[in-house]
Amino acid sequence: MASLEVLLGIGAAVLLVGVFAVRVSSRLGLPALLIYLGIGIVLGESVLGIQFSDALLTESIGLAALVLILAEGGLTTRWSAVRPAFGLGVALATVAVAVSIGVVGVLLHFLLGLDWRIAFLWGAVLSSTDAAAVFSVLRGVGVPRRLAGALELESGMNDAPVVLAVVLLASGDPFTWLTPLLVVYELAAGGLIGAALGLGGAWVLRRVALPATGLYPLAAIAVCLLAYASGQFAHASGLLATYVAALVLGNSDLPHRAGVRSFAEGMGLLAQIGVFVLLGLYASPPRLVDAIVPALVAGLVLIVAGRPLSVLAAALPFRVPWREQAFLSWAGLRGAVPIVLALIAVIEGAQGGQLLVDVVFVLVVVLTLLQGTTLSLVARLLGVARPAQAEEITVDAAPLEELGADLLEVRVPVGSRLRGVYLRELRLPRGATVSLVVRAGEAFTPEPGTRLREGDQLLVVATAGVRRATEARIRAVDQHGKLARWRGEQAPDAMRDDGGVSHAPAAPDEPAVRSKVWLLALIAPVVLAADIVTKVVAVAELEGRAPVQLLGGLVYLQLVRNPGARFVRPPGTRGCSP
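What you see is a predicted model, and the numbers here were worked out from it, not measured in a lab.

Asks: Give me the overall build of the protein chain: which residues, what numbers.
Replies: From N to C terminus, the protein chain includes 21 helices and nine strands. Relative to its 578 residues, the protein chain shows a buried fraction of 46%. Of the contacts made within the protein chain by residues no fewer than 6 positions apart, 73% connect residues no fewer than 24 positions apart. For the protein chain, the accessible area works out to roughly 28,000 Å², and carbon and sulfur atoms hold 66% of it.

Encoded structure:
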């Protein structure tokens with residue numbers, strides 16, 4: 001066995017190559033996942049000669065990496081972006097999986113002569129889209145949020161039902177009427193366990209001031225891992241529990257939330273590099289030659305029939321246009337997950353399990369090259385591509401326990417409507433103030449007349465009671481500009497111009513604003529008419545006359561004309577020009 005320093009050196013070198021591969025892949029237009037697989041193959045038996053064929057260890061490490069990838073996906077997914085696509089995403093993760101298993105299984109039974117159970121096992125393994133592939137490729141493609149959100153939800157949630165299907169089909173146990181109920185229980189229980197641990201973890205992290213900033217990301221990842229373990233112990237879906245817990249945590253008011261997400265992205269990248277290098281190391285290139293033909297047949301079935309029909313069945317209730325359905329069909333990316341699932345068949349002793357692993361390996365390489373490199377082009381051809389949008393504003397928070405306050409870090413991204421807004425126009429709630437502005441590397445104490453620019457970083461100190469209102473106000477101005485209060489934004493009860501100077505009333509809600517507009521529209525013509533009538537009467541009755549005494553001379557009425565004004569003379573009046 002190699003010494004510790006040799007193992008650490010090899011691991012560090014592989015990690016560095018994997019990190020720099022991200023840069024290389026973006027320049028070449030190739031998915032980084034293929035480079036990771038290539039690194040593993042180079043290290044393997046056919047090139048550098050490292051022998052590795054432990055299917056059980058590979059499957060265990062692959063599932064562990066998948067847990068971290070799902071945690072990263074949930075922690076970095078914004079609920080506001082995926083909420084409109086929640087129903088479609090759930091349908092793709094459940095209905096589409098069932099349809100894909102059925103269609104691919106039936107066609108492979110007739111085309112490749114597979115046994116029915118083995119054919120459906122192949123269909124189950126190939127039905128899962130890969131979270132790592134989707135998160136790494138899709139977020140660089142400009143598509144509507146509904147499509148991107150649906151694909152992210154699908155890749156994060158469909159692993160759970162697919163794993164259940166693969167285990168049931170690979171085990172050889174007979175199906176009974178309890179099997180569907182067992183699947184429903186495992187999915188429902190996994191979701192509930194993940195939601196409970198996510199809410200509980202967020203509640204604890206908000207109230208416990210940890211001594212170091214770096215402990216918050218570790219605690220968040222630990223909650224996600226605990227969700228997986230709890231789900232497995234409860235004979236539920238640990239993968240679904242992991243994703244739900246991470247989704248809840250990532251959309252909660254966590255301290256140092258931006259740091260938590262950055263750390264999760266790093267852990268997800270580490271998991272991707274590790275699992276793909278390991279899978280490349282496990283693969284045997286000479287054995288892959290025999291898998292090319294069945295892999296191409298299975299890939300053709302999946303692309304032409306399995307994926308399109310499954311998307312059609314899932315999207316039918318939501319009236320998704322055919323162009324968007326076509327993009328959803330093409331964006332069903334495969335990666336490490338199908339290979340790990342195929343290893344389950346090997347461990348369970350399913351017939352032709354090793355052939356299935358080799359077929360899926362070849363298929364993943366082919367489909368990643370075909371779909372991953374053409375996804376942007378297909379989006380443009382189908383007319384679903386969107387121009388680059390402004391990044392969502394990032395607001396991070398650090399607790400100031402002794403002061404009972406939070407420190408918010410606000411970045412003004414390109415395209416934000418915070419640009420050009422004066423600090424006095426932010427109208428932050430009482431108890432919040434902008435304490436520092438960092439611009440082009442220079443920090444200064446702002447004044448009410450300081451005008452924000454793109455790229456500015458703001459440090460906002462807010463008491464715990466107004467933190468939510470402060471974030472809401474900053475996000476509202478980011479989206480709607482300084483007049484956000486008059487566009488239906490719910491404002492706090494007491495607003496301030498510059499964090500400590502003047503005050504303004506609470507912003508009315510949208511119905512109240514509409515009622516005021518209608519009232520103003522009704523009163524304005526009446527006031528204008530009264531003004532014109534009084535002018536006409538005054539000119540007709542008072543011009544050229546001595547002052548009129550009222551109340552015994554206490555009040556005088558006298559016509560005074562403005563030489564600079566112009567007044568149109570009505571018919572029958574006199575002296576109407578200046």
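From this point, things continue past the structure.
Asks: Please give an account of the pattern of salt bridges that cites residues and values.
Replies: This structure, assessed with the given rule, holds nine salt bridges. Note that D406 is salt-bridged to R467, the shortest N-O span being 3.4 Å. A residue pair is termed long-range when its members are at least 10 positions apart, and D406 in strand β2 (residues 405-411) and R467 in helix α20 (residues 467-480) qualify at 61 residues. Among the residues examined, D406 registers a relative accessible area of 12% and is labelled buried. Given the relative accessible area of 10%, R467 is considered buried. A salt bridge links R439 to D456; the nearest nitrogen and oxygen atoms lie 2.7 Å apart. Remark: D456 occurs in the loop between β4 (442-444) and β5 (457-463) and R439 occurs in strand β3 (residues 432-439); sequence separation between them is 17 residues.

Asks: Please provide a residue-by-residue account of the packing of helix α6 (residues 116-126) against helix α9 (residues 159-171), values included.
Replies: With their axes 9 Å apart at the nearest point, α6 and α9 run at an angle of 160 degrees to one another. By the angle between their directions, the pair α6 and α9 is classed as roughly antiparallel. For the element pair α6 and α9, the recorded crossing hand is left-handed. Taking contact as the criterion, the partners of R117, F120, L121, A124 and V125 in α6 are, on α9, V162, A165, V166, L168, L169, A170 and S171. Here the contact of α6 with α9 is composed, by residue class, of 10 nonpolar, one polar and one charged.

Asks: How would you explain the pairing of β3 if you had to name every residue and give the values?
Replies: Sheet analysis places β3 next to β5, joined by six bridges and oriented antiparallel. Bridged to L436 within β5 is L459. When β3 meets β4, the two strands line up antiparallel, connected through three bridges. By the bridge assignment for β4, V438 is matched with A443.

Asks: Which residues make up the environment of Y422, and what values go with them?
Replies: Here Y422 lies in the loop between β2 and β3. Using a relative accessible area of 28% as the deciding quantity, one classes Y422 as partly exposed. A sequence separation of 29 residues divides Y422 from R451, and the C-alpha atoms of the two residues are 4.3 Å apart. With residues up to four places along the chain from it excluded, the contact list for Y422 reads P448, G449, T450 and R451.

Asks: So what about the packing of aromatic side chains? Which residues, and what values?
Replies: A full pass over the atoms with the stated rule returns three aromatic pairs. Judged by centre distance (5.6 Å) and plane angle (70 degrees), the ring pair of W79 and F86 falls under edge-to-face. For W79, a relative accessible area of 29% puts it in the partly exposed group. Owing to a relative accessible area of 39%, F86 belongs among the partly exposed residues under this scheme. Taking the centre distance of 5.8 Å and the plane angle of 90 degrees together, the rings of F110 and W116 count as edge-to-face. Look at W116 and you get partly exposed, because its relative accessible area is 38%. Through a chain of ring-to-ring contacts, three or more aromatic side chains come together here, namely F110, W116 and F120.

Criteria and thresholds
- Residues numbered from 1 in each chain as written.
- Predicted model: local features only at pLDDT ≥ 70, side-chain atom pairs only at ≥ 80, totals over all residues.
- Heavy atoms only, no water.
- Helix = DSSP H or I, 4+ residues; strand = E, 2+ residues; numbered from the N terminus.
- Buried < 20%, exposed > 50% of the residue type's maximum accessible area, 1.4 Å probe, protein only.
- Contact = heavy atoms within 4.5 Å.
- Areas by Shrake-Rupley, 256 points an atom, 1.4 Å probe, with all protein chains shown as cover.
- Salt bridge = Lys/Arg side-chain N within 4 Å of Asp/Glu carboxyl O.
- Axes fitted to C-alpha atoms, helices over the stretch in contact; angles between N-to-C directions.
- Parallel < 35°, antiparallel > 145°, perpendicular 65-115°, else oblique.
- Left-handed = near helix turned anticlockwise from the far one by under 90°.
- Nonpolar A, V, L, I, M, F, W, Y, C, P; charged D, E, K, R; others polar.
- Pairing = 2+ DSSP bridges.
- Phe/Tyr/Trp six-rings, centres within 6.5 Å; stacked < 30°, edge-to-face > 60°.

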